[in-house]
Amino acid sequence: MIVLASSNKGKIAEIKKFFNQDVVAFSELMEPFEIEENGESFAQNAIIKAEAIYKKLPNHIIIADDSGISVPALGGIPGIYSARYAKEGASDKENLNKLINTLKEHNIQQTPAFYTSAIAIASKYGIFHVHGFMYGNVIAQARGNKGFGYDPMFVPDGFDKTLGELDFEVKQSFSHRTKALKLAKYILDVIK
Ligand code: ITT
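Report on the accompanying structure. (Residues numbered from 1 in each chain as written. Predicted model: local features only at pLDDT ≥ 70, side-chain atom pairs only at ≥ 80, totals over all residues. Heavy atoms only, no water.)

Remark: helix α1 (residues 9-18) packs on helix α5 (residues 176-191), axes separated minimally by 11 Å, with the N-to-C direction vectors making an angle of 45°. Considering the angle they form, α1 stands oblique to α5. The hand of the α1/α5 crossing is right-handed. Facing Lys11, Glu14, Ile15 and Phe18 of α1, the residues of α5 in contact are Arg177, Thr178, Leu181, Lys182 and Lys185. A breakdown of the residues in the contact of α1 with α5 according to their chemical character gives three nonpolar, one polar and five charged. (Axes fitted to C-alpha atoms, helices over the stretch in contact; angles between N-to-C directions. Helix = DSSP H or I, 4+ residues; strand = E, 2+ residues; numbered from the N terminus. Parallel < 35°, antiparallel > 145°, perpendicular 65-115°, else oblique. Left-handed = near helix turned anticlockwise from the far one by under 90°. Contact = heavy atoms within 4.5 Å. Nonpolar A, V, L, I, M, F, W, Y, C, P; charged D, E, K, R; others polar.)

Have a look at this one:
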């Protein structure tokens, strides 16, 4: 069994699906608590989360995902600040609307963007981390209500629909998280 150091429902659903349910969120095993994500990169923050839960559950393999969306035309924002882009503790909707409004303020209707997922694994064999990316464009409007977070404004390369409009399985087949999880699986298969 793998323990997932995340409280994000969208991530938990995608990661459970990837591992065919062989995963439990840490909040299913203990009282959830806040982990301060003060790293300077996705990888550092993923490691901070995985280590924080590993300290509490040292007999388990822990995985954590730190992820976000980056818009090069805006200097790479919101990047590692994706979860708190609108404000500390912002909802997905507040963050989505803020990024849409920022694009509008810059008179941008559509511009390249990419998602990053850093997955960290904490185990008795040490700490490991891997990355996955998904490229596409962000648009200055929200379309569809599938997925989570910034998905309604993200059009992946090769599609003309947003991840808010595309089915779960479509996103799951090539997402940043799936790519990182595929790499993580090689490590997990060795240390399990
Ligand atoms: P945990 O730390 O508990 O896992 P979190 O939501 O705080 O949950 P992050 O710090 O990694 O997680 O922030 C991720 C942010 O990036 C958050 O605002 C998400 O909505 C957004 N994000 C990450 N992956 C995404 C995806 O696949 N689709 C849409 N938005 C995504």
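Before going further, it helps to spend a moment on the site of the ligand. As a structural note, the neighbourhood of the ligand is formed by 21 residues, with Ser6, Lys11, Lys49, Asp151 and Lys171 the closest of them. At a separation of 3.0 Å, an oxygen atom of the ligand approaches a polar side-chain atom of Glu37. At 3.1 Å, a side-chain N or O of His176 approaches an oxygen atom of the ligand. When isolated, the ligand has an accessible area of 620 Å², and the protein chains bury 91% of it. Applying the majority rule of atoms within 2 Å of the grid points places the ligand in the largest pocket. Secondary structure elements with two or more residues in the shell around the ligand: β3 (61-71) and α5. Looking at the shell around the ligand element by element, the count peaks at four residues for β3. (Near = heavy atom within 4 Å. Polar contact = N/O pair within 3.5 Å; in protein donor to acceptor, adjacent residues only side chain to side chain. Areas by Shrake-Rupley, 256 points an atom, 1.4 Å probe, with all protein chains shown as cover. 1 Å grid on protein atoms, 1.4 Å probe; cavity = no way out; pocket = protein on both sides within 12 Å on 5 of 7 lines; lining within 4 Å. Sits in = over half its atoms within 2 Å of the grid points.)

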